[in-house]
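Overview (structure and organization)
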Amino acid sequence: MFKQAALSLLIEQHSISQLTVQKVADRAELNRATFYLHFEDIHDLISIVTDDIFDELSIKLEPLVNSEIHDNREGLTVFLDYIYENRKFFAVLFEYKHYEGRLFGLFKQLIEARRDRAKNEGRISKDWVSIEILTASIIGIIMWWIREGIHFSSEHIANQITQLYKKSPIT
């Protein structure tokens, strides 16, 4: 209940700094004492909520590690669907460099794993574009989508990302 309350307040207030234990407890219709049975403070709750979100993102990205280079739209769409469903929360998180950095790290690991697999299979012999540039491009697209282009479907964005990198292996 506290996690859901924190998420709904963050979506409404658009600021982690304005979140308080009292606001979360009131929204959850529980008392502060109950809150402190489960969490050390508001930062502990935020940490747990964001860890849950990033764990779920990791799970959504996992199928992309083993998918074929040019056959990753479905997995990418599933991942983007999750972002879309939680877009208001991600819009708040992306205001903080720490969380943007965590998303960057997730995608960088994905790209590194895919590239290593492709090299081992002899599909590519060199890195065409740096992993950091590819990662930054994907993160930039996702952030733009969440902030400005949400009227585009996750399938459309997945297709655009795939087309953009067709000639430059994301592997």
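Residues numbered from 1 in each chain as written. Predicted model: local features only at pLDDT ≥ 70, side-chain atom pairs only at ≥ 80, totals over all residues. Heavy atoms only, no water.

We now examine the overall build of the chain. Looking only at helices and strands, one finds 9 helices and 0 strands in the chain. Of the regular secondary structure in the chain, the N- to C-terminal order runs α-α-α-α-α-α-α-α-α. Burial statistics for the chain: of 171 residues in total, 43% are counted as buried. Contacts in the chain between residues far apart in sequence, at least 24 positions, make up 67% of those at least 6 positions apart. Put simply, the chain shows about 9300 Å² of open surface, and 51% of that area lies on carbon and sulfur atoms. (Helix = DSSP H or I, 4+ residues; strand = E, 2+ residues; numbered from the N terminus. Buried < 20%, exposed > 50% of the residue type's maximum accessible area, 1.4 Å probe, protein only. Contact = heavy atoms within 4.5 Å. Areas by Shrake-Rupley, 256 points an atom, 1.4 Å probe, with all protein chains shown as cover.)

Quick look at the packing of aromatic side chains now. The tally for this structure, following the rule as stated, stands at 11 aromatic pairs. On the basis of an interplanar angle of 40° and a centroid distance of 5.8 Å, the ring pair of Trp144 and Phe152 is categorised as tilted. Assessed through its relative accessible area of 38%, Trp144 is described here as partly exposed. Judged by its relative accessible area of 28%, Phe152 falls in the partly exposed class. (Phe/Tyr/Trp six-rings, centres within 6.5 Å; stacked < 30°, edge-to-face > 60°.)

This part is about the side chain of Thr135. Within the secondary structure, Thr135 is located in helix H8 (residues 131-147). Residue classification places Thr135 among the buried positions, given a relative accessible area of 0%. Separated by 2.7 Å, the side chain of Thr135 and the backbone oxygen of Ile131 make a polar contact. Setting aside its immediate chain neighbours within four residues, Thr135 contacts Phe104, Phe107, Lys108 and Ile111. (Polar contact = N/O pair within 3.5 Å; in protein donor to acceptor, adjacent residues only side chain to side chain.)

The tally for this structure, following the rule as stated, stands at 7 salt bridges. The closest approach of N and O atoms between Glu12 and Arg27, which form a salt bridge, is 2.9 Å. Taken together, the residues Glu12 in helix H1 (residues 2-13) and Arg27 in helix H2 (residues 21-28) connect sequence positions 15 residues apart. For Glu12, a relative accessible area of 49% translates into the label partly exposed. (Salt bridge = Lys/Arg side-chain N within 4 Å of Asp/Glu carboxyl O.)

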